[in-house]
Every structure is written in C-alpha cells, then in structure tokens.
Amino acid sequence: MFNFSHLKTETLANGATVFTDLEQGTPDWHQVRLGILTASEVGLLLVKGKRPDGLGAGALTAGLRIAGEIYRINGGYDATPESWSNVYTERGHTLEEEWRGEYEFITDEFITQVGFVRLDSIRFGGSPDALVAKNGVWECKSHKPEILIPMLLETGFPEAHKPQCLGNLITTDREYCDITAGFPGLPKLSRRLYREDCKEEESIIKEKLSALNEYVDDILKQLKAGDPVYAMAAE
C-alpha cells in the first residue's frame, strides 16, 4: 500500500493532498507520483481512440503502467523509478528559482512552492511549480530558442502547455494558471489560462479519466485472478 506518512502534507478543500516539502526529481517525489495519471500526461486523454470509451493507445499504455505500479506496491515491491537529470533540467531548476521571485514581485501575490499534489479520489495528480494566493497556480518552463520563439510570436496561451496546466487546475481546484517560459538572453513569455475558458476540455478529461480508471481496475482484477498468492488468500 502507499505510505506517505514520513512526508509533510496539507489537504486542500477538494480532498487533494499537497506534498509541501518535497523536491521535484527526488526518490520521494517519484514515489508520490506512482499509481496515478499525472497532469503532464493529460494530453493522452484528449486523443480520441477507436474504443467505445474513447481511450487512445497512449492512454491505454499509461493505464498499463498505472496498474503495474499499483499491483507491485500492493505486493510490497518498491516501484519507484530511478531519478535522472541533465544539463537542461538542472538549468531549468536554477532559472525557476530566479523567475519565481520575479513573478512574485511583479504580481504582488503570495505564492507557495509545492512538490506534488495528489487527488486520489480520481487517481490523478500534478506538480504545479507554485500555488498562487487562493485561486491560482504557476508553471515555469525553460525552453530552447527553437521552441520558445514560436510561442513568443503567437498570441494566447501556448497550446503545448494547455493540457498540463489545465490538469493542475483540476487537481488543485483553482481558477487560473500563469505560465512563465524563457531562455537566457531571450524575452520571457508570460501568459494566463483561465479554467472557465476550458470547460469542454475539462469535461473530456474527466470523462476519459473515469474510463481510464475502469480500465486499470479491470487489469488489476485480471492480474489478481491469475496470481497464486491472491488466489490462495481468497480461498
């Protein structure tokens, strides 16, 4: 079973668990992400598949991963993946600290850094880079110039980040997501996404997430039925 008793947590009004003192990329951070779909994978739910439930190949693959993680953890195995980093992730962490301070100064809003937010009632979670006041979240992205410049030249919220940011709004039950994206020597992108403007996408995400959870539960049921250990326990 999942055991997060050694980690500092808070509970949001919607029942989500906020892991406050948790550094992203650490073994504990990887552990709290196990057994659920995360906001970074929300785009998989927006792909229309051929099954009656609408799940596509990517979502089904994620379901297999989730089922495997739950099964292994319930069996007493450590399913935590190995952590990794490279020059890009390290640069991103450094810039995030700087840009977080700039964002807080410019907006004059109190922000709270969090490690992860887990909403077990729908088997979902996300890692917003900060909670903003009472109604917002903040997301920070470090991009190469060839990725950042097209975003700077376009108007509106960058489509590439919309699913993840909406996922974080669903997880935290908040109203808007501000994004800061940049690269040293280039202008920074600052845009806001309102949850109110994403009702159709949110409805699809929640419907597909429910279907995904049913898919995962069915896999777990089949695995247990063929496992001698579970079979003996049921006798």
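Look above for the structure.
Please read these numbers as outputs of a predicted model, since none were measured by experiment.

**Details of the overall build of the chain**
Secondary structure summary: the chain contains seven helices and 10 strands in total. Expressed as a percentage of the 235 residues in the chain, the buried residues total 45%. A separation of at least 24 residues holds for 68% of the contacts in the chain among residues at least 6 apart in sequence. A total of about 12800 Å² of accessible surface is found on the chain, and carbon and sulfur atoms cover 53% of it.

**Let's talk about the pattern of salt bridges**
When charged atoms on two side chains of opposite charge get close, those side chains can pair. The final tally for this structure, using the stated rule, is 15 salt bridges. When the shortest N-O distance is used, the salt bridge between E139 and K141 registers 3.6 Å. Residue classification places K141 among the buried positions, given a relative accessible area of 16%. Notably, a salt bridge pairs D173 with R195, separated by 2.9 Å at the nearest N-O pair. Separated by 22 residues along the polypeptide, D173 in the loop between α5 (162–172) and β9 (176–182) and R195 in the loop between β10 (189–194) and α6 (199–225) bring together distant segments of the chain. The exposure class assigned to R195 is buried, which follows from its relative accessible area of 15%. A single network of salt bridges, built from pairs that share partners, joins D173, R195, E202 and K206.

**Describing the packing of aromatic side chains**
Applying the stated criterion across every chain, the model contains one aromatic pair. One cation-aromatic arrangement involves R192 over Y176; the distance from NZ or CZ to the ring centre is 3.9 Å.

**As for the side chain of E41**
Counting through the fold element by element, E41 comes out in the loop between β3 (37–38) and α2 (57–74). The residues contacting E41, other than those within four sequence positions of it, are I36, A62 and R65.

About the cut-offs
Residues numbered from 1 in each chain as written. Predicted model: local features only at pLDDT ≥ 70, side-chain atom pairs only at ≥ 80, totals over all residues. Heavy atoms only, no water. Helix = DSSP H or I, 4+ residues; strand = E, 2+ residues; numbered from the N terminus. Buried < 20%, exposed > 50% of the residue type's maximum accessible area, 1.4 Å probe, protein only. Contact = heavy atoms within 4.5 Å. Areas by Shrake-Rupley, 256 points an atom, 1.4 Å probe, with all protein chains shown as cover. Salt bridge = Lys/Arg side-chain N within 4 Å of Asp/Glu carboxyl O. Phe/Tyr/Trp six-rings, centres within 6.5 Å; stacked < 30°, edge-to-face > 60°. Lys NZ or Arg CZ within 6 Å of the ring centre and 35° of its normal.

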